[in-house]
Every structure is written in C-alpha cells, then in structure tokens.
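Notes for the structure review
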Amino acid sequence: MKATYFILFFLTVSLLHAQEKTWTLEECIRYAVENSPLRNKQEAQNEIYKQNYREAIGQLLPSVQVSTSINVNFGRGLDAETNTYTDINSFRNDYSAYSYVTLFDGLAGITRLKMNKMSQLMGKHQLQQVKDEIAFSTMEAFFNTLYYQELVILAGEQLKESQDNLKQVVRMEELGMKGLPDVAELRAKEAADQYILTQQENMLQISIIQLKEKMFFPIDEELKVSAFMNEEPIVKSQETSRNIYEQSVTFLPKALAANSGLKVQELSYKVAKGNLFPVLSMEGGWSTNFSRFMDGSQYIGFSEQFKNKRGYYVGFTLSVPIFSGFSKIAGVKRSKQQLIIAQNEKDETLRGIYSEIEQAVTDMNG
C-alpha cells in the first residue's frame, strides 16, 4: 500500500512539473528541428542521393549473371548429342554465366558518378539550410510571444492605473471636487485600456499558436515560454557588409547548396554530351549442360557431361548512336538550359544573402 501511494505521489509531482514547464529558446528550437517534417523530407531526399551514388558506382563495375534451367521434352525433339530429331522423351539441364562491362561511353559513367557524389554534398548543405530556416522561424515566433507577453503586462498595469484613477475621481465627484465630465473622461480611458488589454491578450494567444505551428507542437497542449534572456552588450559592427558577405558565402549552407547545385548541373550537362559518343563494351560467358533420354537407355554421367560440354566466349560490341529520334540532342540542349537556370538561381541566392546582410548590419548599427 505504501508503494502504491509513493507511485501515485511521484506521478502527481511529475504531472504538475510537466504542466508548469516553461520552454527556453534553445529547447523550442531543438524540439522544432527534431519534429519537423521538412527535416524528415530532406533526410529522405539525402538517402535517395546516397542510393543514386551507389548505383553510379555499380554501373562502372562489370555485371555478372548466373542462370540455370531444366527442360523436359515429350515427343518430337532435338537430340543434344547427334543434333538430330527424335521421338524419345528427353531431359536437359543447362548452366551458364555471363558478364558485361562498358569500356568507353564518352566518360558519361565517370561524370555521372561525380554528379551523384556532388548531389550528396548538396543534400548535406540543404539539410543544414532547412535546420537553419526552422531555427530562425522558431526564434522569430518565440520572440513575438515574449513581446506580446510584455505588452499584456504593460496593458494590465495601464488598466490598473486607469481603474485607480477612476475610483479617485468618482470619490472626488461625490465630494464635489470634480465634475461629471471628468468622471466620463476617465471612464472612457478605462474602457480604452480594457480594449487594449483584450486586444493584446488575443495577439498573445495568436503568437503562441504560431509558435506551436513553427515547432510542430500539439496545438491543443499548453505551451509556456521563458522570458529569461541573457543580457549581452550591443556592439556596433566594425565589419562592412562586403566583408561579412565574403566570409559567409564560404560556410553559409544556403550559399554552399546553391554552389553545389550549379556544379551538379554542370556535370549533368557533361553526362548529356557524353551520351552522344559511341559506346564500346566487352562481354564474356561460360555454359555447359547435362542431357539424357528418359527411355531407360544408357547415358554419360552428370560430372563427365558437365566437364566435356563446357564452352567459353568473349566478344566486343561497338554501338554508334546515329539517330535516336532527337532524344540525345534534346537531352543536351535541355541540360544546357538547366545549367543556365542553376547559374541564375545561384546568382539570385547570393544576391539575396548580400541584401539580408546589408539590412541586418544597418538595423544593428541603427
């Protein structure tokens, strides 16, 4: 019985502690990043990049296939020993191995491997960019919530002051020291302050809902944020916007992802041009079989037939693309235009970064 009371007491304390928990900025950001569908989507995309890279490696390696088959022939069939037709039922067991490798394809395979490796790197930068964007939007919503919390406090203090002033003027009006216009003016002031308080409380609730949305926090659960902030001195920036920009593009995930995306398109364009070249490939194989008649007649043993019927072959194939319905030419032109798009997207991204830095430096100095 004592153990039961102890467990109930422990659960009650834990529940009350959970209900009274206040979230710091770091906790909100960590929760948002861990539970964000955007992060999950980007991680899934990165796994696709990883598998594409493995596939590109495999395409450079020889392909090997091993097969076996069993055939039972009833009635008229071809005799494997004499190569003549017979009416005796027969049994045949075939074994074969086949290997194929591309020797030259206009370096398309090597370039495709580099492209997929660059895509992996781009995916890592994109994942970090997604995390940064989640953190920034959560931080913005967090500070908005703190801002409206303080506004509610100020509005409450202002309403309390108006109510006290109204009580004082009403008492003075009863004593004949103030007139009705003075009382009416303070009643209007009290009503206005009450409206402002209600408005700020509503804005606070909206900001909390927006914070929950950014964090992917359950909307129907309570969320309290901590107003404690470390006081740090505000220092005017000694760096110019240009210097900050030149440093940021070397590590900022947004800039690195844009640069990687451009390199991916450059390699994709080279792959498309490589597809116009002839393809030289080599293939080789091995085969053997075992056969016998099913009429009870004598036949050579399996191991001896398996050894004596072995055959090998090696061949080379040169495939020259002459006309493929304009698909290869269209692929080259399409890749070129995608390269132009990627270049402009990179320029647009870097320009946006510089503009954001310029505004941030101006705001901080102001």
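Just so it is clear, the model here is predicted, and its values are computed rather than measured.

With that settled, the discussion passes to the packing of aromatic side chains. Going through the model one piece at a time under the given rule, you end up with 14 aromatic pairs. These aromatic residues form a ring-pair network of at least three members: F91, Y95, W286, F290, Y299, F302 and F306. Across from the ring centre of W23, 5.1 Å away, lies the NZ or CZ of K21, which sits over that ring.

So, about the pattern of salt bridges. By the definition in use, this model includes 8 salt bridges. With its nearest N and O atoms 3.0 Å apart, the salt bridge here joins D164 to K160. Here the residue D164 and the residue K160 both occupy positions in helix α4 (residues 108-174), the gap between them amounting to 4 residues, near one helical turn. Salt-bridge contacts for K224 lead to E222; the nearest nitrogen and oxygen are separated by 3.6 Å.

Another point: the packing of α4 against helix α7 (residues 253-274). To characterise two packed helices, one gives the angle between the axes of the helices and the distance between these axes. Running from amino to carboxyl end, α4 crosses α7 at an angle of 160 degrees, the nearest separation of the two axes being 8 Å. By the angle class used here, α4 and α7 are roughly antiparallel. For the crossing formed where α4 meets α7, the hand is left-handed. For the contact of α4 with α7, the residue count by class is 11 nonpolar, 10 polar and 6 charged.

For the rest of this paragraph, the subject is the packing of α7 against helix α9 (residues 327-365). Here α7 crosses α9 at 170 degrees, and the two axes come no closer than 9 Å. It follows that α7 is roughly antiparallel to α9 by the angle criterion. Of the residues belonging to the contact of α7 with α9, the class tally is 10 nonpolar, 9 polar and 6 charged.

Now for the sheet that holds strand β5 (residues 90-104). Across the sheet, 4 strands lie side by side as β2-β5-β7-β8; this open sheet has antiparallel pairing. In the strand order of this sheet, the two ends are held by β2 (63-73) and β8 (311-319), each with one partner. On average, each strand axis in the sheet is tilted by 20 degrees relative to the strand beside it, whichever way the strands run. Taken together, the 14 bridges between β5 and strand β7 (residues 279-293) define a ladder with antiparallel strand orientation. Across the sheet, T102 pairs through a bridge with S281, a residue of β7.

Criteria and cut-off values
- Residues numbered from 1 in each chain as written.
- Predicted model: local features only at pLDDT ≥ 70, side-chain atom pairs only at ≥ 80, totals over all residues.
- Heavy atoms only, no water.
- Phe/Tyr/Trp six-rings, centres within 6.5 Å; stacked < 30°, edge-to-face > 60°.
- Lys NZ or Arg CZ within 6 Å of the ring centre and 35° of its normal.
- Salt bridge = Lys/Arg side-chain N within 4 Å of Asp/Glu carboxyl O.
- Helix = DSSP H or I, 4+ residues; strand = E, 2+ residues; numbered from the N terminus.
- Axes fitted to C-alpha atoms, helices over the stretch in contact; angles between N-to-C directions.
- Parallel < 35°, antiparallel > 145°, perpendicular 65-115°, else oblique.
- Left-handed = near helix turned anticlockwise from the far one by under 90°.
- Nonpolar A, V, L, I, M, F, W, Y, C, P; charged D, E, K, R; others polar.
- Pairing = 2+ DSSP bridges.

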